[in-house]
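For reference, the chains in residue letters:
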Amino acid sequence: MSGIVVVGAGQAGLALAAKLRAEGYHGPLKLLGEEAWPPYQRPPLSKKFLLGELARERLYLRSRDFYGEHDIDLRLGARVEAIDRRAKKVRFGDEVLAYDRLVLTTGACPRRLPATIGGDLGNVFTLRGIDDVDAMAPLFVPGARLLVVGGGYIGLEAAAVAARAGLKVTLIESGPRILGRVAAEETAGYFRTLHRENDVDLREGTGLRRLLGDNTVEAAELADGTTVSVDLVIVGIGVTPATTLAETAGLPVENGIATDAFGQTADPSIFAAGDCASFPYAGGRLRLESVQNAIEHAECVAKNLLGAENPYRPEPWFWSDQYEVKLQIAGLNTGYDRVVARKGEREGSASHWYFAGRRFIAIDAMNDPRAYMTARRLLAAGASPDPDHLAAADLKTLAAA
């Protein structure tokens, strides 16, 4: 018996392996990760770990003993290079492993700046793994000049941490505004003000023309013709699903490795879960990038590997920490045409409620956990508050209704 092989030792890969054991699977189970580190949390990388406030071992999702105790064969530094679907084998380095069933939890890869505009210069970083943070941490000192490229959540979180650490931060966003693809102008305005109050030089509608320097970045020439002196650059322009392995093996890819509602790909012996996978949703296909989805999708697929036949029905939620503000998001705002703003109970707290017509679909809550939890209950019940009266409505009344 070859058992189950899981390719990708991140949050989804570990969640799937652990759930298999918890559900009573006793066969061979191998977890292959290309990094040198055991599965770890990624959200703290750009926050406490970068600031030196969190020890490396505290990033790890499980103790090193966990894998032996649960008979999970964890292989690190194992970059899988090919899948032989006919022979049901995977190859990494000089080693070949057979599988009965294969699960791809390969995650996502950060987009990088092209070398033609200086993306290959020294001190130009992405924020995806422990090695990235280890490389940039010595440069993260008060007074250092940082350029953040990209005004999404990754870029804004990096800017917030750097500003707190005393760096001189410039953030550029080539689109008309920050958070242009993921949030309403109301939420963008909240965070625009927050960052400028913390001395971030935030420039919207400003792209990058090129980075300048001999071997190490020294300056950035912006699309508006200005030049900014920099000591380091963090690139936060999004991620792409890690699908190369699946594509090379001939598996269909549609904004991620295409699976059915049970996590199965076009090959009955191969499944996928987490950031790398797309699945049927609301008449189309959906791929989510979040810790919550990585865990819940992987655990659903684990049960289906054991015969459960449970379709994955996500209830999406996300979060972002910037300065002293916790942003909590529930639902998906795709297709919204109206936003209702509510003031929270505490100074500076607020929530933005998204509607498609009169149907409530999502919320952004800034330091407003009561509004967030009320919204989650409404979304789970498929209930919609009246948008015309929401701004002044009592949360207790909404929750009760």
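See the structure above.
Cut-offs applied
- Residues numbered from 1 in each chain as written.
- Predicted model: local features only at pLDDT ≥ 70, side-chain atom pairs only at ≥ 80, totals over all residues.
- Heavy atoms only, no water.
- Helix = DSSP H or I, 4+ residues; strand = E, 2+ residues; numbered from the N terminus.
- Rg over C-alpha atoms; globule rule 2.2 N^0.38 Å.
- Buried < 20%, exposed > 50% of the residue type's maximum accessible area, 1.4 Å probe, protein only.
- Areas by Shrake-Rupley, 256 points an atom, 1.4 Å probe, with all protein chains shown as cover.
- Lys, Arg positive; Asp, Glu negative; His and termini not counted.
- Charge placed at Lys NZ, Arg CZ, Asp CG, Glu CD.
- Contact = heavy atoms within 4.5 Å.
- Axes fitted to C-alpha atoms, helices over the stretch in contact; angles between N-to-C directions.
- Left-handed = near helix turned anticlockwise from the far one by under 90°.
- Nonpolar A, V, L, I, M, F, W, Y, C, P; charged D, E, K, R; others polar.
- Salt bridge = Lys/Arg side-chain N within 4 Å of Asp/Glu carboxyl O.
- Phe/Tyr/Trp six-rings, centres within 6.5 Å; stacked < 30°, edge-to-face > 60°.
- Lys NZ or Arg CZ within 6 Å of the ring centre and 35° of its normal.
- Pairing = 2+ DSSP bridges.
- Disulfide = S-S within 2.5 Å.
- Core = buried A, V, L, I, M, F, W, Y, C linked by side-chain atoms within 4.5 Å.

Caption draft 1: The overall build of the protein chain, seen in detail. Per the secondary structure count, the protein chain includes 9 helices and 26 strands. Against the compact-globule benchmark of 21 Å for 401 residues, the protein chain has a radius of gyration of 22 Å, which places it among compact chains. Each principal axis of the C-alpha atoms in the protein chain carries an extent, and together these give about 65 × 60 × 35 Å. When each of the 401 residues of the protein chain is scored for burial, the buried share is 52%. In the structure as shown, the protein chain presents an accessible area of about 18,100 Å², 47% of it carried by carbon and sulfur atoms. Averaging the coordinates of the 46 positive side-chain charges in the protein chain and doing the same for the 51 negative ones gives two points 3 Å apart.

Caption draft 2: Main features of the side chain of Asp-275. Note that Asp-275 resides in the loop between strand E19 (270-272) and strand E20 (277-281). Contacts of Asp-275, omitting those with residues within four sequence positions, involve Gly-107, Ala-108, Arg-128, Pro-241, Arg-287, Leu-288, Glu-289 and Ser-290.

Caption draft 3: Main features of the packing of helix H1 (residues 11-22) against helix H7 (residues 291-305). Contact pair H1 / H7: the axes reach a minimum separation of 8 Å and the direction vectors enclose 35 degrees. Judged by the sense of rotation from one axis to the other, the crossing of H1 with H7 is right-handed. Between H1, through Gln-11, Ala-12, Ala-15, Leu-16, Lys-19 and Leu-20, and H7, the contact on the second element is made entirely by Val-291, Ala-294, Ile-295, Ala-298, Glu-299, Val-301, Ala-302, Lys-303 and Leu-305. For the contact of H1 with H7, the class distribution of residues is 11 nonpolar, 1 polar and 3 charged.

Caption draft 4: Fine view of the pattern of salt bridges. In this structure the tally under the stated criterion is 24 salt bridges. Salt-bridge contacts for Arg-192 lead to Glu-204; the nearest nitrogen and oxygen are separated by 2.8 Å. With Arg-192 in helix H5 (residues 185-197) and Glu-204 in strand E12 (residues 201-204), this residue pair connects regions lying 12 residues apart in the sequence. The exposure class assigned to Arg-192 is buried, which follows from its relative accessible area of 15%. For the salt bridge of Asp-388 with Arg-358, the shortest nitrogen-to-oxygen distance reads 3.2 Å. Remark: Arg-358 occurs in the loop between strand E25 (350-356) and strand E26 (359-366) and Asp-388 occurs in the loop between helix H8 (369-381) and helix H9 (395-400); sequence separation between them is 30 residues. Taking relative accessible area as the criterion, Asp-388 reaches 46% and is therefore assigned partly exposed. On the basis of relative accessibility, which here comes to 48%, the residue Arg-358 falls in the partly exposed class. One salt-bridge network, held together by shared partners, links Arg-177, Glu-185, Arg-192 and Glu-204.

Caption draft 5: Structural view of the packing of aromatic side chains. Applying the stated criterion across every chain yields a total of 7 aromatic pairs. Ring geometry for Tyr-336 and Tyr-354: centres 4.9 Å apart, planes at 80 degrees, overall edge-to-face. With a gap of 18 residues between them, Tyr-336 in the loop between strand E23 (325-331) and strand E24 (338-343) and Tyr-354 in strand E25 connect regions that are remote in the sequence. Here the aromatic cluster, defined as three or more aromatic residues joined through ring pairs, consists of Trp-353, Phe-355 and Phe-360. Its guanidinium or amino end placed over the ring of Trp-37, Arg-56 lies 4.6 Å from that ring's centre, counting from NZ or CZ.

Caption draft 6: Structural view of the sheet that holds E12. Spatial ordering of the open sheet is given by E9-E16-E10-E11-E12, a layout of 5 strands whose pairing is parallel. The open sheet has two edge strands with one neighbour each: strand E9 (124-125) and E12. On top of the sheet, helix H4 (residues 153-164) reaches strand E10 (145-149), strand E11 (168-173) and strand E16 (232-235); it is set at about 165 degrees to E11, its chief contact.

Caption draft 7: Region of interest: the sheet that holds E26. Pairing is antiparallel in the open sheet, where 5 strands are placed in the order E22-E23-E26-E25-E24. What marks the edges here is a single partner per strand, and that holds for strand E22 (317-322) and E24. For this sheet, the mean inter-axis angle between neighbouring strands, taken without regard to orientation, is 15 degrees. Bridge count between E23 and E26: 5 bridges; the pairing is antiparallel. Across the sheet, the residue bridging to Ala-330 is Ile-363, located in E26. In this fold H8 packs onto E22, E23, E25 and E26, with an angle of close to 160 degrees to the strand it touches most, E26.

Caption draft 8: Local environment of the state of the cysteines. As enumerated under the stated definition, the model contains 0 disulfides in all. Take Cys-109: it sits in no disulfide, and the sulfur closest to it among the cysteines is that of Cys-276, at 10 Å.

Caption draft 9: Representation of the nonpolar core in the model. Counting 56 residues, the largest nonpolar core has Phe-140, Leu-167, Val-169 and Phe-191 as the members making the most contacts within it. When near neighbours in sequence (up to four residues on either side) are disregarded, Phe-140 contacts Leu-50, Val-161, Ala-162, Ala-165, Leu-167, Leu-232 and Ile-234. Residues Ala-15, Leu-29, Phe-271 and Leu-305 belong to the second largest nonpolar core, which totals 24 residues.

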